Amino acid sequence: MKAQVSGRCAGPILVFDSGLGGLSVVAELRRYLPESGLAYVCDNAMLPYGTKPDAWLIRRIVQVCTAAVRESRAVALVVACNTASTLALEALRQCLAIPVVGTVPAIKPACRISKSWHIALLATSATVNRPYTRRLIRDFAGHCQVRCLAADPLVEQAEFALTDRPVDLARVASCIEPLWEDPALDTVVLGCTHFPLLTDRLDDMAPRPVAWVDSGAAIARRVEAIVEACAPRSAKEPAWATRLDPTIEIALCRYGFAAATRLTLSSHACTYPS
């Protein structure tokens, strides 16, 4: 059981994502650390991250996370975004004096549970094409046949699901249809934190039973292992966003957060031409 400290020096565990996908990790943190205080920040002004250049993204992620850690007085940062983790973990760890826990596709556990050794990675284009991802597959899935499938539209559909907007089921089905070309496929890695929010819909569309594997529980266990103390959970925990949007309040409230406050970035914050 993690010790809880309510003094002024103890802050929450801060969860960061480009959008609302990090709430899938929040759900696992609530399960493993039910008494721990959490805070949430999303860079929704720049969603989606997968379309932005790497060098720009690293600067932007560091700016947003640094500002959010300062505002929240967090004791640890969870980067609940595969794209951000595969790019900016080293830079964040150099800039921040608190533990930083990243998110990587669950290739290793997927290989452990697959009986056919035919697995797939369902992720954004940025994650699928990242050298870090290729190294994961090389190091942990050398004995498996791995299909990598980019499914960027699922990010938007997950955001719709979280904010009670209609999900385009035909588009979701189209994104995952290539998976079924391999009749031996039995395990799919959900390599974006948005995607577990659609698991029920994905499972309904699958023509046969498959295991859907994500990193949420592993992240929560890692946080539990390294965070010695944090603020206790409160009724409405703090949240920040880089763009205030009434639709995100639905999802934040559902996961125990207060209405988001606009995150103040430095005057030199990275913007991106529209």
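Here, every reference points to the structure presented above.
In this report, the structure presented in the accompanying data block is examined. (Residues numbered from 1 in each chain as written. Predicted model: local features only at pLDDT ≥ 70, side-chain atom pairs only at ≥ 80, totals over all residues. Heavy atoms only, no water.)

With that settled, the discussion passes to the overall build of the protein chain. The secondary structure content of the protein chain amounts to 11 helices and 12 strands. Over its C-alpha atoms the protein chain spans a radius of gyration of 18 Å, differing by no more than 12% from the 19 Å that the globule rule assigns to 274 residues. Referenced to the eigenvectors of the C-alpha coordinate spread, the extents of the protein chain come out at roughly 55 × 45 × 35 Å. Counting only residues that meet the buried cut, the protein chain has 55% of its 274 residues in that class. For the protein chain, contacts bridging at least 24 residues in sequence account for 74% of all contacts bridging at least 6. Carbon and sulfur atoms make up 54% of the accessible area of the protein chain, which totals about 12300 Å². Taking the 29 positively charged and 26 negatively charged side chains of the protein chain as two groups, their mean positions are separated by 6 Å. (Helix = DSSP H or I, 4+ residues; strand = E, 2+ residues; numbered from the N terminus. Rg over C-alpha atoms; globule rule 2.2 N^0.38 Å. Buried < 20%, exposed > 50% of the residue type's maximum accessible area, 1.4 Å probe, protein only. Contact = heavy atoms within 4.5 Å. Areas by Shrake-Rupley, 256 points an atom, 1.4 Å probe, with all protein chains shown as cover. Lys, Arg positive; Asp, Glu negative; His and termini not counted. Charge placed at Lys NZ, Arg CZ, Asp CG, Glu CD.)

For helix 6 (residues 131–140), every residue scored as buried is listed here: Thr-133, Leu-136 and Ile-137. For helix 6, the arc enclosing every buried residue in end-on projection is 95°, short of the 170-degree limit, so these residues lie on one face. Those residues of helix 6 that are buried lie in contact with helix 4 (107–113), strand 6 (118–123), helix 5 (125–128) and strand 7 (145–150). (Arc of directions from axis to C-beta.)

Moving on, we come to the pairing of strand 6. Burial within strand 6 is extensive, with 6 of its 6 residues counted as buried. In strand 6, alternate side chains face the same way, and those of His-118, Ala-120 and Leu-122 on one face and Ile-119, Leu-121 and Ala-123 on the other are all buried. Here strand 6 runs beside strand 7; their pairing, made up of 6 bridges, is parallel. Looking across to strand 7, one finds that Ile-119 is bridged to Val-146. For strand 6 and strand 8 (residues 187–190), the ladder comprises 4 bridges, and the chain directions are parallel. Note that in strand 8 the partner of Leu-122 across the bridge is Leu-190. (Pairing = 2+ DSSP bridges.)

This brings us to the pairing of strand 3 (residues 38–42). The buried fraction of strand 3 is high, at 5 of 5 residues. By the alternation rule, side chains of strand 3 split into Leu-38, Tyr-40 and Cys-42 and Ala-39 and Val-41, which are all buried. With 5 bridges connecting them, strand 2 (residues 13–17) and strand 3 associate as parallel partners. Looking at strand 3, one finds that Phe-16 is bridged to Val-41. What joins strand 2 to strand 3 is helix 1 (residues 23–32), and the crossover it makes is right-handed. Judged from the 3 bridges that link them, strand 3 and strand 11 (residues 239–241) form a sheet pairing that is parallel. By the bridge assignment, Cys-42 is partnered in strand 11 with Ala-241. (Right-handed = clockwise from strand over helix to strand, strands pointing away.)

Moving on to the sheet that holds strand 12 (residues 261–262). Within a sheet, each strand pairs with its neighbour through backbone hydrogen bonds, oriented either parallel or antiparallel. The strand order 5-4-2-3-11-12 describes an open sheet built from 6 strands, whose pairing is parallel. Strands with a single pairing partner mark the edges of an open sheet, and in this sheet they are strand 5 (100–101) and strand 12. Pairing of strand 11 with strand 12 involves 2 bridges; the strand directions are parallel. Bridge pairing in strand 12 places Ala-241 opposite Arg-262.

What follows concerns the packing of helix 1 against helix 10 (residues 216–226). One can describe the packing of helix 1 onto helix 10 by two numbers: an axis separation of 8 Å at closest approach and a directional angle of 50°. With respect to helix 10, the axis of helix 1 lies oblique. Classified by chirality, the crossing of helix 10 by helix 1 is right-handed. Along its contact with helix 1, which presents Val-25, Glu-28, Leu-29, Arg-31 and Tyr-32, the element helix 10 presents Gly-216, Ala-217, Ile-219, Ala-220, Arg-221, Val-223 and Glu-224. Among the residues forming the contact of helix 1 with helix 10, the class breakdown is 7 nonpolar, 1 polar and 4 charged. (Axes fitted to C-alpha atoms, helices over the stretch in contact; angles between N-to-C directions. Parallel < 35°, antiparallel > 145°, perpendicular 65-115°, else oblique. Left-handed = near helix turned anticlockwise from the far one by under 90°. Nonpolar A, V, L, I, M, F, W, Y, C, P; charged D, E, K, R; others polar.)

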